[in-house]
Amino acid sequence: MTGKLHKWLGVILLLPLLGWCATGAIFLFQPGYGDAYKKLTPRYYSLPGLSIPSGRNEWLEVRQVQTVLGTHLLAKTKDGWQQYNADTMAKRGLPASADIKELLEDAISVDQKRYGESVAKSADGYVTASGVRLSFDWDTLSIEQYGKDRALIDALYDIHYLRWTGNRKVDNVVAIMGLCCLVLTTVLGVTLIFSRRSVR
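Here we summarise the structure given alongside this text. (Residues numbered from 1 in each chain as written. Predicted model: local features only at pLDDT ≥ 70, side-chain atom pairs only at ≥ 80, totals over all residues. Heavy atoms only, no water.)

### Let's talk about the overall build of the protein
In terms of helices and strands, the protein carries six helices and seven strands. For the protein, the N- to C-terminal ordering of α and β elements is α-α-β-β-β-α-α-β-β-β-β-α-α. When its C-alpha atoms are laid out on the principal axes, the protein stretches across 90 × 40 × 30 Å. Counting all 200 residues of the protein, 30% fall into the buried class. (Helix = DSSP H or I, 4+ residues; strand = E, 2+ residues; numbered from the N terminus. Buried < 20%, exposed > 50% of the residue type's maximum accessible area, 1.4 Å probe, protein only.)

Structure, rendered in structure tokens:
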């Protein structure tokens, strides 16, 4: 009975074990991770003249940079970053979509092989001609890129951690059952080893 149970548990665990081995090897050597997690930033240019205005008491940090859209004054407070108009000191709202596209296209021009040459507006942000999704934060001038390689790596993490259904509660149950089966298989294997030794 113990031998049969051990055998069937081994068959049940064959698929997740193969998945753990394959994904574990990928996580160890990390092929393609460089491009998938490459940091993308706006292209910065020389400032025409450094003229940071008098700060405010709530400002903790100040940056002034020059992009294709002109000069940006960014200040950090306890609530986070915010852009200001350096001339009027008024908070600077989100620019038109065409301006954001111009900024993003200037940023991706450093690696057109990965991103292509153009950017289009999408339902959840922007997407390059090559299919890389871009999310843009105006207040920090930061860009997050998410390509097919990143999606594949995320899928491999889902396989590795038994997130197979997309439902967190169901996946947690599956993961617990998988770990219990693995522990039970190990215990049964050890039991079989010592039982055979005792027979001898």
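### Concerning the sheet that holds strand β2 (residues 70-77)
Within a sheet, neighbouring strands are paired by backbone hydrogen bonds and run either parallel or antiparallel to one another. Judged by pairing direction, the sheet is antiparallel, and its three strands sit side by side in the order β1-β2-β3 without closing on themselves. In this open sheet, the two edge strands, each paired with only one partner strand, are β1 (61-67) and β3 (80-84). When the angles between neighbouring strand axes are averaged without regard to direction, this sheet yields 25°. (Pairing = 2+ DSSP bridges. Axes fitted to C-alpha atoms, helices over the stretch in contact; angles between N-to-C directions.)

### A word on the pattern of salt bridges
Across all of its chains, the model carries seven salt bridges by this definition. Asp 158 is the partner of Arg 163 in a salt bridge, and the nearest nitrogen-oxygen pair spans 2.8 Å. Overall, Arg 163 belongs to the partly exposed group, its relative accessible area being 40%. With a relative accessible area of 29%, Asp 158 lands in the partly exposed category. (Salt bridge = Lys/Arg side-chain N within 4 Å of Asp/Glu carboxyl O.)

### A look at unusual backbone geometry
In this structure, Gln 30 is a non-glycine residue whose phi angle is positive, near 50°. Mapped onto the elements, Gln 30 comes out in the loop between α1 (2-29) and α2 (33-36). Relative accessible area serves as the criterion here: at 42%, Gln 30 is assigned to the partly exposed category. At Leu 141, a residue that is not glycine, the phi angle is positive and equals roughly 55°. Of note, Leu 141 is situated in the loop between β6 (133-137) and β7 (142-146). Overall, the relative accessible area of 2% leaves Leu 141 in the buried class.

### Observations concerning helix α5 (residues 148-160)
Between its first and last C-alpha atoms α5 spans 18 Å; for 13 residues at 1.5 Å apiece the expected length is 18 Å, and the two agree. Every buried residue of α5 is listed here: Arg 150, Ile 153, Leu 156 and His 160. Projected down its long axis, α5 shows its buried positions confined to an angular sector of 115°, all on one face. In α5, those exposed residues whose orientation departs by more than 90 degrees from the buried face are Lys 148 and Leu 152. Of the residues one or two after α5, Leu 162 is the one with positive phi, at around 60°. (Expected span 1.5 Å × (residues − 1). Arc of directions from axis to C-beta.)

### What about helix α3 (residues 97-108)?
For α3, which comprises twelve residues, the first-to-last C-alpha distance of 16 Å matches the rise-based estimate of 16 Å (1.5 Å per residue) to within 8%. Restricting attention to buried positions, one finds in α3 the residues Ile 100, Leu 103, Leu 104, Asp 106, Ala 107 and Ile 108.

### Things to note about the pairing of β2
Taking burial as the measure, the eight residues of β2 include six buried ones, the bulk of the element. Linking two consecutive strands that pair antiparallel, namely β1 and β2, is a turn of two residues. Bridging between β2 and β3 involves five bridges; their strand directions are antiparallel. The residue bridging Leu 74 from the neighbouring strand is Gln 83, located in β3. The turn joining β2 and β3, which pair antiparallel and follow one another in sequence, is formed by two residues.

These figures capture arrangement, not role.
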